[in-house]
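Fold and contact review
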Amino acid sequence: MWVDQSRKKGKEKGGKSANGHLEGLNWEVLVVNDHVVNAFCLPGGKIVVFTGLLEHFRTDEEIATIIGHEVAHAVARHAAEQITKNLWFTIGQLILYQFVMPDLVNTMSNLLLKLPFSRRMEIEADYIGLLLMASAGYDPRVAPKVFEKLGQVSGDSALRDYLSTHPSGKRRSKLLSEASVIYREAMEITFSMSRFQGHYAEGQI
Ligand SMILES: [Zn+2]
């Protein structure tokens with residue numbers, strides 16, 4: 001009630017809420033039947049998951065870790081950030097083209113533009129994803145294991161696509177485990193959820 005009133009007041013004043021970009025999004029998860037071990041998020045709340053990923057990750061918690069990560073990209077507005085960044089990059093590239101060797105510029109642009117999100121964004125999405133999965137009632141302690149597992153199956157050629165755009169599984173797992181503040185926050189969400197909803201059997205967490 002208070003939240004609604006506060007939101008209404010804010011709107012009357014012409015203010016935009018911090019999560020205004022999420023309003024009106026039509027969330028949808030599209031499952032593509034392909035051995036590729038990958039998942040990604042498109043602007044507008046469309047998440048694409050390949051069945052190759054589901055072959056490796058079968059439990060609800062594991063899948064929640066991946067979906068949480070993809071939703072986090074939308075929450076953090078990474079697509080918009082990337083578009084702005086690319087725009088500046090293109091402008092810079094055009095200027096460079098005139099003065100420097102075109103070959104060098106080509107290699108640079110390939111390296112930067114082919115990565116959908118930067119490594120920093122990926123780590124950020126891991127952290128936000130952790131909070132999201134905890135809010136949805138999934139045990140966040142599963143997340144570091146999921147990323148570690150992703151790294152372990154990296155011998156699999158299908159996984160290389162994923163790893164070329166994401167930091168190594170080992171590094172992500174380590175960073176997540178070490179992000180004690182966020183981790184604690186996620187665990188607290190889980191605890192308070194279990195207290196109010198009885199979602200977890202006693203002694204399970
Ligand atoms: Zn990602």
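Refer to the structure presented above.
Residues numbered from 1 in each chain as written. Predicted model: local features only at pLDDT ≥ 70, side-chain atom pairs only at ≥ 80, totals over all residues.

**Concerning the packing of helix 3 (residues 60-75) against helix 6 (residues 119-135)**
Inclusion rule: Axis lines are fitted through C-alpha atoms, for helices just across the contact stretch, and the angle between N-to-C directions can take any value from 0 to 180 degrees. Only DSSP runs of H or I covering at least 4 residues are called helices, and only runs of E covering at least 2 are called strands; the numbering of each starts at the N terminus. For any helix crossing, the convention is left-handed if the near helix is rotated counterclockwise from the far helix by under a right angle, and right-handed if that rotation is clockwise. A pair of residues counts as a contact when their C-beta atoms, built from backbone coordinates, are within 7 Å of each other.
Running from N to C, helix 3 and helix 6 point in directions that differ by 115°, and their axes come no closer than 7 Å. Our pair here, helix 3 against helix 6, has a crossing hand that is right-handed. Together, Ala64, Thr65, Gly68, His69, Val71, Ala72, His73 and Val75 of helix 3 and Ala125, Asp126, Ile128, Gly129, Leu132 and Met133 of helix 6 make up the contact between the two elements.

**So, the sheet that holds strand 3 (residues 46-50)**
Applicable threshold: A pair of strands is considered paired only if DSSP assigns at least 2 bridges between the two.
Overall, mixed pairing links the three strands, which are arranged 1-3-2 in an open sheet. The sheet is open, and its two edges are formed by strand 1 (28-32) and strand 2 (39-42), each paired on a single side. Taken pair by pair, the neighbouring strands of this sheet meet at an average axis angle of 20°, ignoring direction. One ladder, built from four bridges, connects strand 2 with strand 3; its direction is antiparallel. Note on strand 3: the bridge partner recorded for Ala39 is Val49. In the packing of helix 3 onto the sheet, contacts are made with strand 1, strand 2 and strand 3, and the angle to strand 2 comes to roughly 25°.

**Details of the nonpolar core**
To be explicit about the condition: A set of buried residues drawn from Ala, Val, Leu, Ile, Met, Phe, Trp, Tyr and Cys, joined through C-beta atoms within 7 Å, is what defines a nonpolar core. Once C-beta atoms are placed from the backbone, each residue is buried if 20 or more other C-beta atoms lie within 10 Å of its own, exposed if 12 or fewer, and partly exposed for counts between those two.
The biggest cluster of nonpolar side chains holds 29 residues, and the ones touching the most others in it are Leu53, Leu130, Met133 and Ala143. At the level of elements, strand 2, strand 3, helix 3, helix 6, helix 7 (142-152) and helix 10 (180-197) are the ones that each hand at least two residues to this core. Counting residues per element, this core draws most heavily on helix 6, which supplies eight residues.

Read these as geometric descriptors, not functional statements.
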